[in-house]
Every structure is written in structure tokens, then in C-alpha cells.
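Chains, contacts and geometry: an overview
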Protein chains: 2
Amino acid sequence: VSEPGKSRRRKFWGWGWQDEGADAAQLSALEAGVKALLEIGDLKPLAAPEPEQIVLRAPRVTAPATLATKLSIDHYERLAHCYGKSYRDVVRALRRDFANPPDLVAFPESAADIAAIFDFCADANLAVIPYGGGSSVCGGVEPEIGESYAGSVSLDLGRMQRVLEIDPISRAARIQAGTFGPALEEQLRPHGLSLRHFPQSFEFSTLGGWIATRSGGHFATLYTHIDELVEALTVVTPRGVIETRRLPGDGAGPSAERLFIGSEGALGVIVEAWMRVFGRPTYRASASARYASFADGARALRAIAQSGLHPSNCRLLDPMEAMLNGAGGGDHAVLLIGFESDDHPLDAWLGRALELCRDHGGEVPETSIRSHADQQGARDGAAGAWRSAFLRAPYLRDALVARGIFVETFETACTWNRFAELHGAVTLAATRAARDSGAGKCVVTCRVTHAYADGAAPYFTVICRARDGDELTQWTQIKSAVTLAMLEAGGTVTHHHAVGRDLRPYYERQRPDGFALALSAAKAALDPAGILNPGVLLAPRARVSTPC
Amino acid sequence: VSEPGKSRRRKFWGWGWQDEGADAAQLSALEAGVKALLEIGDLKPLAAPEPEQIVLRAPRVTAPATLATKLSIDHYERLAHCYGKSYRDVVRALRRDFANPPDLVAFPESAADIAAIFDFCADANLAVIPYGGGSSVCGGVEPEIGESYAGSVSLDLGRMQRVLEIDPISRAARIQAGTFGPALEEQLRPHGLSLRHFPQSFEFSTLGGWIATRSGGHFATLYTHIDELVEALTVVTPRGVIETRRLPGDGAGPSAERLFIGSEGALGVIVEAWMRVFGRPTYRASASARYASFADGARALRAIAQSGLHPSNCRLLDPMEAMLNGAGGGDHAVLLIGFESDDHPLDAWLGRALELCRDHGGEVPETSIRSHADQQGARDGAAGAWRSAFLRAPYLRDALVARGIFVETFETACTWNRFAELHGAVTLAATRAARDSGAGKCVVTCRVTHAYADGAAPYFTVICRARDGDELTQWTQIKSAVTLAMLEAGGTVTHHHAVGRDLRPYYERQRPDGFALALSAAKAALDPAGILNPGVLLAPRARVSTPC
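1. What to know about the relation of the copies chain A and chain B
The transformation that overlays chain A on chain B combines an axial shift of 0.0 Å with a rotation of 180 degrees, and the residual RMSD is 0.0 Å. This pairing of chains is accounted for by a two-fold axis. A shared interface surface links the copies, since 100% of the contact residues of chain A are contact residues in chain B too.

2. Examining the environment of Ala106(A)
All names here are of chain A. Among the structural elements, Ala 106 can be located in strand E2 (residues 104-106). In this structure, the C-alpha to C-alpha distance between Ala 106 and Ala 48, residues 58 residues apart in sequence, is 26 Å. Discounting residues that sit within four places of it in the chain, Ala 106 has contacts with Lys 70, Leu 71, Ile 117, Val 153, Ser 154, Leu 155 and Asp 156.

3. A word on the sheet that holds strand E1 (residues 71-72) of chain A
All names here are of chain A. Ordered in space as E1-E2-E4-E3, the 4 strands form an open sheet in which the pairing is mixed. Of all the strands in the sheet, the pair left with one neighbour each is E1 and strand E3 (126-130). By the bridge criterion, 2 bridges tie E1 to E2 in an arrangement that is antiparallel. By the bridge assignment, Leu 71 is partnered in E2 with Ala 106. Against the sheet, helix H4 (residues 111-124) touches E1, E2, E3 and strand E4 (151-155), its axis set at about 145 degrees to E3.

4. Here we look at the interface of chain A and chain B
Taken together, the contact pairs 79 residues of chain A with 79 residues of chain B. In this assembly, chain A packs against chain B so that about 6,200 Å² is buried in total across both faces, 60% of it on carbon and sulfur atoms. The three residues of chain A that bury the most area against chain B are Arg245(A), Pro248(A) and Pro254(A), which together make up 11% of that side's buried surface. Along the contact surface separating chain A from chain B lie 4 salt bridges. Note that Asp454(B) is salt-bridged to Arg276(A), the shortest N-O span being 2.7 Å. Where chain A meets chain B, there are 32 residue pairs in polar contact (both at pLDDT 80 or more). Those elements that place two or more of their residues in the side of chain A that touches chain B are strand E9 (240-243), helix H7 (256-260), helix H10 (347-359), strand E17 (414-415), strand E19 (455-465), helix H14 (504-510) and helix H15 (513-526) of chain A. The leading source of residues in the side of chain A that touches chain B is H15(A), at 9 residues.

5. Some words on the nonpolar core
In terms of nonpolar packing, the biggest core is built from 140 residues, with Leu335(A) and Leu335(B) touching the most fellow members. Discounting residues that sit within four places of it in the chain, Leu335(B) has contacts with Ala287(B), Ser288(B), Ala289(B), Tyr291(B), Gly297(B), Ala300(B), Leu301(B), Ile304(B), Arg315(B), Leu316(B) and Cys357(B). Listed in part, the 136 residues of the second largest apolar core include Val153(A), Trp210(A), Ile117(B) and Ile175(B).

6. Digging into the packing of aromatic side chains
Scanning the entire structure with this criterion turns up 25 aromatic pairs over all chains. The rings of Phe12(A), Tyr83(A) and Phe98(A) are connected pair by pair, giving a single aromatic cluster. In this structure, Arg447(A) packs its charged tip against the face of Tyr459(A), placed 4.5 Å from the ring centre. The side chain of Arg88(B) reaches across the aromatic face of Trp475(B), ending 5.2 Å from its centre.

7. Let's talk about the sheet that holds E9(A)
All names here are of chain A. Spatial ordering of the open sheet is given by E5-E6-E10-E8-E9, a layout of 5 strands whose pairing is antiparallel. Where the open sheet ends on each side, the last strands, each with one partner, are strand E5 (163-167) and E9. Each adjacent strand pair in this sheet contributes to an overall mean axis angle of 10 degrees, direction not counted. Sheet topology places strand E8 (residues 230-237) next to strand E10 (residues 269-276); 6 bridges connect them, and they run antiparallel. Within E10, the position partnered with Val 235 by the bridge is Ile 270.

8. Examining the pattern of salt bridges
Under the counting rule described, the total for this entry stands at 74 salt bridges over all chains. Close ionic contact of Glu355(A) with Arg352(A) constitutes a salt bridge, the shortest N to O distance being 2.8 Å. You can see Glu355(A) and its partner Arg352(A) sitting in helix H10, 3 residues apart, about one turn around the helix. Put simply, Glu39(B) and Lys441(B) hold a salt bridge, and the shortest N to O gap is 3.4 Å. Of this pair, Glu39(B) sits in the loop between helix H1 (24-38) and strand E1 (71-72) while Lys441(B) sits in the loop between helix H12 (419-436) and strand E18 (443-452), and the two are 402 residues apart along the sequence. Among the residues examined, Glu39(B) registers a relative accessible area of 62% and is labelled exposed. The network of salt bridges with common partners includes Arg8(A), Asp19(A), Glu20(A) and Arg392(A).

9. Things to note about the packing of helix H8 (residues 294-305) of chain A against H10(A)
All names here are of chain A. Where H8 contacts H10, the two axes come as close as 8 Å, and the packing angle between them is 145 degrees. Handedness of the H8/H10 crossing: right-handed. Here Ala 300, Ala 303 and Ile 304 of H8 come into contact with H10, specifically with Ala 353, Leu 356 and Cys 357. Tallied by class, the residues present in the contact of H8 with H10 amount to 6 nonpolar, no polar and no charged.

10. Some words on helix H12 (residues 419-436) of chain A
Residue and element names in this part refer to chain A. Its 18 residues place the ends of H12 25 Å apart at the C-alpha level, agreeing with the 26 Å of an ideal helix rising 1.5 Å per residue. Within H12 the residues assigned to the buried category are Phe 419, Leu 422, His 423, Val 426, Ala 429, Ala 430, Ala 433 and Ala 434. When H12 is viewed along its axis, its buried side chains cluster within an angular range of 140 degrees and face the same direction. In H12, the exposed positions that point more than 90 degrees away from the buried face belong to Ala 420, Arg 435 and Asp 436.

Reading the values: rules and limits
- Residues numbered from 1 in each chain as written.
- Chains lettered and ligands numbered in written order.
- Predicted model: local features only at pLDDT ≥ 70, side-chain atom pairs only at ≥ 80, totals over all residues.
- Heavy atoms only, no water.
- Least-squares fit on C-alpha atoms with pLDDT ≥ 70 in both.
- Contact = heavy atoms within 4.5 Å.
- Helix = DSSP H or I, 4+ residues; strand = E, 2+ residues; numbered from the N terminus.
- Pairing = 2+ DSSP bridges.
- Axes fitted to C-alpha atoms, helices over the stretch in contact; angles between N-to-C directions.
- Buried area = accessible area lost by both parts, 1.4 Å probe.
- Salt bridge = Lys/Arg side-chain N within 4 Å of Asp/Glu carboxyl O.
- Polar contact = N/O pair within 3.5 Å; in protein donor to acceptor, adjacent residues only side chain to side chain.
- Core = buried A, V, L, I, M, F, W, Y, C linked by side-chain atoms within 4.5 Å.
- Buried < 20%, exposed > 50% of the residue type's maximum accessible area, 1.4 Å probe, protein only.
- Phe/Tyr/Trp six-rings, centres within 6.5 Å; stacked < 30°, edge-to-face > 60°.
- Lys NZ or Arg CZ within 6 Å of the ring centre and 35° of its normal.
- Left-handed = near helix turned anticlockwise from the far one by under 90°.
- Nonpolar A, V, L, I, M, F, W, Y, C, P; charged D, E, K, R; others polar.
- Expected span 1.5 Å × (residues − 1).
- Arc of directions from axis to C-beta.

Laid out in C-alpha cells, this is it:
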């Protein structure tokens, strides 16, 4: 989370930098807004926890001398590696519940370090939890590993943050997996290149985490997941290092990369990757369109997704989502469209997209249409307002949670033929579950974050009053109701947030049994001692195994 | 190959329909052409074999009564299921070498039939060889299974050729795996849809084969492999049926589909798939550009591949390749560019592509520029000539093989930074190996079939005189030299022809050991008796196993 010597620390209990968050005026506006939205009275904020308020269980294991500089028992580091950044995580942190910390936090500097840590952990029967940037919202980095381990080690690649090599001819870069978004872009920028993968967690998540969780990024079409941007991977497993060949395309057997993309640290630890990068865009063209209803906007979105125009931005906000993000007045849905290129002007592209917008009943304000030939482009207007709100949202989420508000997001994807049904079913399930939990008024908003020719990825935000002191039970009720509704309507349990521990029971309903067999067998082959992130994707082993 | 009752039969010994091939005039031109090209004298064609000339080893196993209508011992069927369509296959067939036929040929009609066949084969210790359309050029469908099986069954899905369901809203179709290209397109056409996957084998290959081998199709960029078009799969394994969920995008664990895409029948048999389909194009725009050299053309190709324009056609032919395919005079390389859309005119797209062509020294004949708004489009001109030659090529290949000419293709992919080196190394390796084999003059041509922002897929054709009666040794020498040169220069052993049995030793050098462990473990989990296509991707089991 913060290496010794780094001046700026991240919060150990919630989103972002310790010294950053909503200011007094923003908090006041936020409070007023949520009180009006949910029709509730005064809010009593919980104070943020301080490290010295928390007594952690003593480490149950001692680092060997050979790894002394790589394994830490620092109080702050152990605190900061207890949780990811989900609603549940923030609630537990605010309640000062840090009952299950990792025993050690590892800061390897190389693949060899990781191999040595694996050996130590296999010998000592310790689980290894790859931490990435710690922005997991699905229990992916929490040492909740069952009863069969002697302890746990959180593995933090924070000392592996370099872009190691750039191949400008092939537009690719070899990058260490511990590199955070901003550091990655900073190192590519002098070469005129960019990975252009901007998940909401961008500032606080790493390349390795993106790959391990099939992160969804900036591109609303075509390169929706990090998957498509991976050219080659280096993965350390307990059975050795796997280094795949740099290839632009391949037909030799099943894709080795795709087995590790989305493996959530259960099959190995990604240490570096050759990534496909892009020229930094010099042309941008964007606009927004208003629709009387979300369903109308969805029809336009489908037409654009099936047009072959491949906009980089193509996001549909329902009326409430648009209003909350400063992109609309609450009486209409908003479709944001944007194209970008480092090669050519985009007028023909945007022109046709706007024809499609209008053909499907959209009103395109002339003032929303922008076309630039520079590095700034569509940073203002509705798209700019939305982007800014997007990156600030997690800070505000934490402020709401501290004020006793339940704020959770649910994201999925489904084919177009089931889209309307899924949207309705999820909205209903969330509203009902919130009501059943005694939350009173519940607001469910939806935006579509990624669009495909054959379907789309809707992203729901559910806001209601939290059940004071019983937030986790309430969360379980709502999470379960919504996720089951998604599955029932043909969706996936996650389009780009990963499975982790929270969604595993639901993932098991979605995943074909035969694929579970294959995946378990692959894990047993690569991780025979079962030390890697037990409990994500697959159930943790049931019994105590003897050290081998 | 041909079900009882079907009037038109495919050749059992070579490419295509029994009643189709080069006519006398074409053969005469072909002979004159190859004699001039290789500077050789008279050619003595081997006669095509007739079924009654071949005595096959008697079936070593008897079909159980319950499967009597699904398992055939028909002489013609067993003959036709001995080989794929590689150079080696045709040579052996012309030499009347059918020493190792499948004992039975299975024609299942459902997933349940396949499960019953698996049970029978596991009990009787028989290998199951999924046949697809039989167009394998890598030994993927040959019952060369080692010594540990009591026999083999070739599995032909020729009775499973239907488009079962169409979802026009999501632009997807559920299609049986045994469906051949033409039948597939014929069933989609009335709905205004097309899969637009046109490998050279299109007429004689199946959807299941395409998916199992990561086939490369029509699209030169973006949707280069069938992989991207697969929405969901149904796979029968000895441990049960795996049916993945229809999703446009997903982030729940590693992709289940991607484990089976490219699995070459070693993990299961694909029985149906939901495929992403396209609206039939109404707009087309195309042109060709001439370059003084292949290297010049490659620079233009790279610029286009990195432009974000995503042409559907974008193929570079070296001067000899262009001449042999009627697309050039032999003194210049030719870059074919084509865009297509069912949504919008493509002038802006083609316009920018041609700027790039010219910026990189290309000469674009005005007569080559075509823009259409109809269903026909760019069927004439250089692109049309090339396309026609492309589909006829396998028939001519067989005629050359019968005349004692070695004709083999080698395809790979590599990143742009190694492209020139690989092109040179492969050309040199092929030329040297042919010379060392005593073949005299050898012609090596190259075209680039698929292009990516980070690299390209070159496709080499090697033509020289075959070593009479010792063709297979010569083939091994040349194949080995070329494939090792590809690997050495950073390429893959196959971009879209699959690994099969022929390339397995080379694939093993390319595949990381750890991935081999995972793949073997997955196979053992899904196919515990090891009956599925032993010898492709993974070595066949070494010892006789007792029936279980």
C-alpha cells in the first residue's frame, strides 16, 4: 500500500489517498442530496478509523531470514492489506473490524522473490493472497481462506512498477505487473503511447490486477476488457515460471494467456506482461443524445454497437444516473458517444453515429457536438462532467457509507434479446430486497458501460438506508437477490469486477461443472499445495494439509 | 464425408468434390507454368486412386447393436476418413498407402449419441478422432494414435448440419457443429445474416472444425480468428456436457470457451455453438496498391493495421504470389484493401487507407478503386481474381502433387519488430532445405493473410520438385527446417492451421511447460480414459490402459 519512504499513503480503510476526499462543502451537498433522494433525516457519520485504534492479531508465523527484507509485519501494512474496497470492506473497517489480517505482507522485487515466497508458504502451510492494487470489490484480496491454513501472506507487487521495454514498431510494451495506472501511463507518455485502459479504479489498481480480474476499461466497444490488450504474459506458479510467446495472433492450441486472464491469483501470479498499446489520440469527436426513456436509448445504443463504427465511448445513462452525474436533468436518458484516433479525423464516424442516434428518437443538442484535433478533446461538456464524477465517485461512496447509507453496485452483461427483461428484473429485485431489509426508499440507477453487437453490460447502483449495525446481513440479502435475478435473466455474475470470494457461490451456478473440473485440475497441477488465493473462483480446500 | 443417399461425393484421396477439379486446358496451363517456374522437364502424373484398388485392414472392433445405425464400416467411408488434406495426405493417398484406417466411422445425430459413442470407446479402449470436415492440413484427423489403443473411431458430425435458432435482436445464431460453410451461410441468408467466416477450406470444413482449430477466416483484421465470433459453446466430454452461457462479454473467471477453442478435439467434441453473426454487407469499397518491394508493402500494411480503420480485407502479396494469383505482373508487390459494411458508405475509410498506402510509396491504380452499395461489390478487379484463385488453389495443388511437385504452405504470425527477419529467415530456410533435398530450383512465395496492430501473419508457399518415392522424408526435412526457422524468428508454429500431429513436436518448443501441465491436467479431468484425439496437442498415452 505504501512502501517505506513513500510520502503519500493510501487509506487503509477506504478509497484513495489519506489526504484526499470530499471537502466540507461537498460533504454538505452530498448529505443534502442523499437526504432528499432517500427522504431521510439526519445522518450521523462514523469517524474514520485510525491505525492506532486497531489491535491486530499477532502474526502467527515468522519470516525466514532469507526473506526478511521482503516480508513485513508492519502494523499499517497489515491493516491496509486486510480488505479490498467494497461496501462490505468499508463497513467493516469503519466498525473497526480487522479480525482477520494477513500475518505477513510480502513485497517481492522479482519473479525469483515470488518463487521463494511460494516455497516458504508451501512449507509453512500459508495461503498467498495476491493484492494487486487492493481495489477489489468482490472479496478478492481478503485473507478469508477457511480453516486449513496456518496463516496468510498478502502479496503486494508495489516494488515492481516499471515499464521494462517498449517496442514502438509493434506498439507494445513490457510492463511489470505491480505498475499502477498513473505510473504506467507516465512511463508510456514520452513515447507517444498509451495503454488507454482506464477502469474507475485506475489510480489505485495495477496491471497485474487488471489482467487477473479481466478488468473493464475505457473502451466501451471492441477493447472492452484488458484481455484483448494482452500480447504475452509471464506468470510465476509454484511449479515454475510460465512465459508465453509474444504473438499478435495465434492458433497453436488453446490460448495460454486466456487461462491466466481472469484467474484471480488462483493459478499463479502475473509478474509482467507485454501489452498492446495505442498511439495517443490526436483526434476526438463526441456528442450526447437525449432519450425520453432508457429503453429508447438502449435501442439507439444497440444500433450503434451493431454498426461497426466502434466508438471508444458509448455509454447510456438512465435519467437518474444522468442527473446524479451532472449529465442530465433527471427527465431523460443520456447516451454519450465519443470517437478517438491518432490517425484520422472522425467526422464521418460521428456523423453516422448521430444519424443512428436520431433515427432512434434521440435529440442531439448541437452544443454537445465536439470535434477536436488535439490532446485535450472531449474533456468538457456532458462527457467531461461524467468522467470527472466517475473518478470522484468512490470517495463520495465512502462518505455515504460512513453516514449510514447502503451504496452498492452490481454489474453484469447479457445478450440484447434479454436486456430489457434483465434491466427490469434487477431493478425490481434490488428495490424489493431493500424494502424487505427495512431500508425504506431505495433508488436503483443504471448505466450501460460497455456495448457489443450481441449484447451490453449494464451497471446498477443501489442506494438506500443501511441497517445500522446490521449492514452485512442487509448487504447479503440485497446482493443475493440482485445476483440471482441477474443469473435468472441470462446475465453473468460479473462483467468486469471479478468473482472473488463474494460472488463464488453465484459463479458456481453459472459455470458449467465440466469447466470447474478442468479449472480445478489445472489449479492442482500448477499449485499442488493449494496455497494460491484459496476461496476465489474455487472453494478453498476443506481439510488441513500437511506441509510438503 | 458423404452420407448414404447424398448424391455428390467428396474425393476420398484429395481436395473437393469427386466430379470437380482442373480441366484439361487448366492442367495443360498448370503443367506449362510449373515447368517454366521450376525449370524442369516432363511431368508424369500419378493416377488418382479408386476405392476398389485399396484393401483396407479389417475393422478390429464391432459396433454394438445399440449404435449400429451410427457406426459404419463402409469401405468408402473408412477410406475417406483415413487422412486430412495435407501434402503428406495426398502423397500417401496417391501412393495407395491407406495402412492405418479408422476401424469405424461414427455418424452421431445428437449429443446423446456422442456420449454413447464415448462410453463404447472407453469400454473398448478405442481412440475417438473428431473429423470435422476432414480438411485438416496438420495431421489432425488421422488415426495415428500410438500403440496403446485397440482401435479407432473417426467421428463425423455430418448428420448435424442445422442452424437451430436465430436471435436477430442480438445478431447471433445457434448452429450445429457439423454444419459446412455453404450450408451455414445458406441457412443464415434468408435472415439477412452471415457469419462471414471464409477460410480457404470454406466449402469442405465445418463450424466445429473451425472452432476446434482456431480457424482464420475472411476478416484480415479484428475478427481474424473464429475465436472472436464464438458467443457460447456446447461441448460433449466423457465427463458430461459443458454448455456455456450466452454472453456478449464476461469477467467471471477464465474464459471457458477459450479453453475449448483450439483444443483440437482433445478435450471434448463441440456439438453446437451460439455464433455472433453479421448483417450482410451492402456497402463495399476496395482498391489495390502496388509496391516496389514486399518490404515497402509491409510498411504500408503496418500503418493500416495500426490506423484503427479495421479493413475487412487487407492482404499483401509478394511479387511472385501476385503473379501466380493473377493479381500482378511479378514485378511488384500488391496490397489488397477492402472495407465492407451493412450500415454506412465507406468512402472516408477507404480514402484514409489509400492515403496511408500512398504515404508509404504505394501506387494506387485509379481503376482498382471501387465503391459499391449492393450485394456484389468487389468481386472483380484484382481482389476478385485473387479470391477466385484462392478457392481453386487446393484443386490445383492436388494436380501438382500428382505430377511430382512438392507444394506445401507454412503459416505463422509474429510481431512487427521481427517481421522482416522472419520473412527472410523462412524464405532462406525453405530454399536451403529444398536444395539440400535435391529438389533443384525452389520457389518460395509469401502473402500476409491477417494483420494486427502489433504484428502480422505471413503465409508461405514452397514449390519445388518432389523426391520421387521419397516425398515424405523430403517433406519432413523441409517442414522441420521451415518450422524451426519460424520459431527461432519469434513466430508461432501456426497462426490458423492448428497443431495436429504434424506440428506437435514444434508446438512443444513454443508452449510453456507450465501450460502443458495445466492442459494435460484439464484433459485428464475431462477425458480420464484418454480416448479423445490422442496425439494432437499432447503426446498420446504411452502404455496400454485397461478398459475401465
